[in-house]
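Chain residues, written in single-letter form:
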Amino acid sequence: MANSFSKEEKVAFDQALEGFQDGGIISKMFKKTTMDGTQAERTGNTFWRPMPYIAQSFTGLDQSANFNRNYTQLSVPASLGYTHSVPLTMSATELRDALQEQRLGKAAMQRLASDINVDCSNLAALTGTVVVKRTAAATGFDDVAAIDDAMNRMGIQMEGRRLCLPSNHYNSMASNLAQRQNVSGKVLSAYERAAVGTVAGFDTYKLDYGYRLTAAAGVTVTVNGANQRYVPKATSTAGTGETSNVDNRYQNLTIGVTSGTVKVGDAFTIAGVNEVHHITKQDTGSLKTFRVAAIVSGAGGAGVIQISPPIIAADSSATDAELQYKNVTATPASGAAITFLNTTSSVVAPFWQEEAFEILPGKYVPAENSGMAIMSATTDNGITVTMARQGAIGDLSTKYRWDVFYGLVNLQPQMTGIELFGQA
């Protein structure tokens, strides 16, 4: 028979859970998408989520020729791939102090909440492709306004924008606000609690952890080969006739490396490749920013990197899908210079529009009557925390563990980005 928890243990669990919910800063800002447990197990904990549609419009009264254009629905694989556990053993003598168990449970919850925040922060920092470079340290409104401009140029929705700043940058902005002449309202909050609030249309939040992106210093790289464009497609068909979905967030790019080493996370622009407004497809006049998502191969002076987003130029026998998802003005020429933006190592400030990131809560279902006591609870952001206890007759000790299981996905990297401060 399974052991049961005492009333005191249940109360302690509930109290520790409150601290867990308070600590879930970033995960609370991700949209929650539920996944049926049975379906998840049968599909390898992976299912496909739709990317946001981009519609085309045409001028003129007679649209007869345009009804045969196809809208391509792209999708993104989302997986329950994150697991964190805090295990520990308490001796029969340690269990004499009931507060000891309560304190350890609280510490476990705090650690799990921190793990989730770190995972969310890293995902935002490594997959965001809209890169805003600032040469000085964070100072205030102008820094956020630069992000606002970058997102507006591409037609990203103005509502639901989020910005997470490492403590030093956030406090610098609060300091700038606190020095205003008026000492009431928002300015007083900035002075008393280092609270910035909403700036230039972004809800701002302070991080106690931020991903540190190291510099791409001394790296000289060019595009190696012409016509490296990407054609979006919803599905692909194997030689066996099997049809499967395609992840359209990435593209392989062949490069020539004269000096230095390219690494995952590097941000760059390509000469002659400007961004376009996602809806109107008009040239914004600014170079498109890209990120290195993976190193596919590389030796000596050449290599292949996986980049995000893909280069969709629609500049050669364009398909409907290319016209729909066009994001740049032109395919890069062979030999086009690649310029890296992360020229100084820095902790990044991730930002996004709320539709971009999703969190997928998972749940463990241990077998009943298996000799363990099991207790679980679901938090406000959908994450289920499972607590298990099992005793050992050999030394009268008791094992405890606290677990979380979930997935994270960036549905549209072009609606997410990073701001880099102090860059040369």
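Structure first, text after, so check above.
A brief look at the structure comes next. Bear in mind the structure is a predicted one, so any value in this text is a computation, not a measurement.

One open sheet accounts for six strands, arranged S5-S24-S19-S6-S8-S7; its pairing is mixed. Unpaired on one side and paired on the other, strand S5 (130-133) and strand S7 (198-199) mark the two borders of the sheet. As defined by bridge partners, strand S6 (residues 161-166) adjoins strand S8 (residues 202-207) across six bridges and the pair is classed as parallel. What sits directly across from Leu163, in S8, is Thr204. Lying over the sheet, helix H4 (residues 141-153) contacts S5, S6, S7, S8, strand S19 (349-353) and strand S24 (416-420), oriented at roughly 140 degrees with respect to S6.

Moving on to the environment of Asn117. Tracing the sequence through the fold places Asn117 in helix H3 (residues 98-127). Given the relative accessible area of 12%, Asn117 is considered buried. Through-space distance from the C-alpha of Asn117 to that of Asp208 is 9.5 Å; in sequence the pair is 91 residues apart.

Here the focus is the packing of aromatic side chains. Tallied over the full model, the rule gives nine aromatic pairs. Relative to Phe290, the ring of Phe268 has its centre 5.6 Å away and its plane inclined at 20 degrees; by these criteria the two rings are stacked. Placement of the pair is Phe268 in strand S14 (residues 267-276) and Phe290 in strand S15 (residues 283-299), with a sequence separation of 22 residues. Pairwise contacts between aromatic rings join Phe30, Trp352 and Phe357 into one cluster.

Throughout the structure, instances matching the rule amount to 13 salt bridges. Linking Glu358 and Arg49 is a salt bridge whose minimum nitrogen-to-oxygen distance equals 2.8 Å. Linking Glu358 in strand S20 (residues 357-361) with Arg49 in strand S2 (residues 46-50), this pair joins segments that are 309 residues apart in sequence. On the basis of relative accessibility, which here comes to 19%, the residue Arg49 falls in the buried class. The residue Arg161 makes a salt bridge to Asp148 at a minimum N-O spacing of 2.8 Å. Of the two residues, Arg161 is situated in strand S6 and Asp148 in helix H4; the sequence distance between them amounts to 13 residues. On the basis of relative accessible area, Arg161 is assigned to the buried category, the value being 1%. Within the structure, one salt-bridge network assembled from shared partners comprises Asp149, Arg153 and Glu275.

Rules of the game
- In this numbering scheme, every chain counts its residues from 1 along its sequence in written order.
- Predicted model: local features are reported for residues with pLDDT of at least 70 only, side-chain atom pairs are reported and counted for 80 or more only, and whole-chain, interface and lining totals are derived from all residues.
- Side-chain measures were taken over the full set of non-hydrogen atoms in the model, leaving aside hydrogen atoms and water.
- Think of it this way: DSSP has to see at least two bridges between two strands before they count as a pair.
- Secondary structure elements follow DSSP: runs of H or I no shorter than four residues count as helices, runs of E no shorter than two count as strands, and numbering proceeds from the N terminus.
- When checking whether two residues touch, look at their non-hydrogen atoms; a contact exists if any pair is within 4.5 Å.
- Angles run from 0 to 180 degrees between N-to-C directions of axes, and those axes are lines fitted to C-alpha atoms, restricted for helices to the stretch in contact.
- Accessible area is worked out with a 1.4 Å probe on protein chains only. A residue is then buried under 20% of its type maximum, exposed over 50%, and partly exposed in between.
- Stacked, edge-to-face and tilted are the three classes for Phe, Tyr and Trp ring pairs, Trp counted by its six-membered ring, which pair at centre distances within 6.5 Å; planes under 30 degrees apart are stacked, over 60 edge-to-face, the rest tilted.
- Between Lys or Arg on one side and Asp or Glu on the other, a salt bridge is scored when a side-chain nitrogen of the former is within 4 Å of a carboxyl oxygen of the latter.

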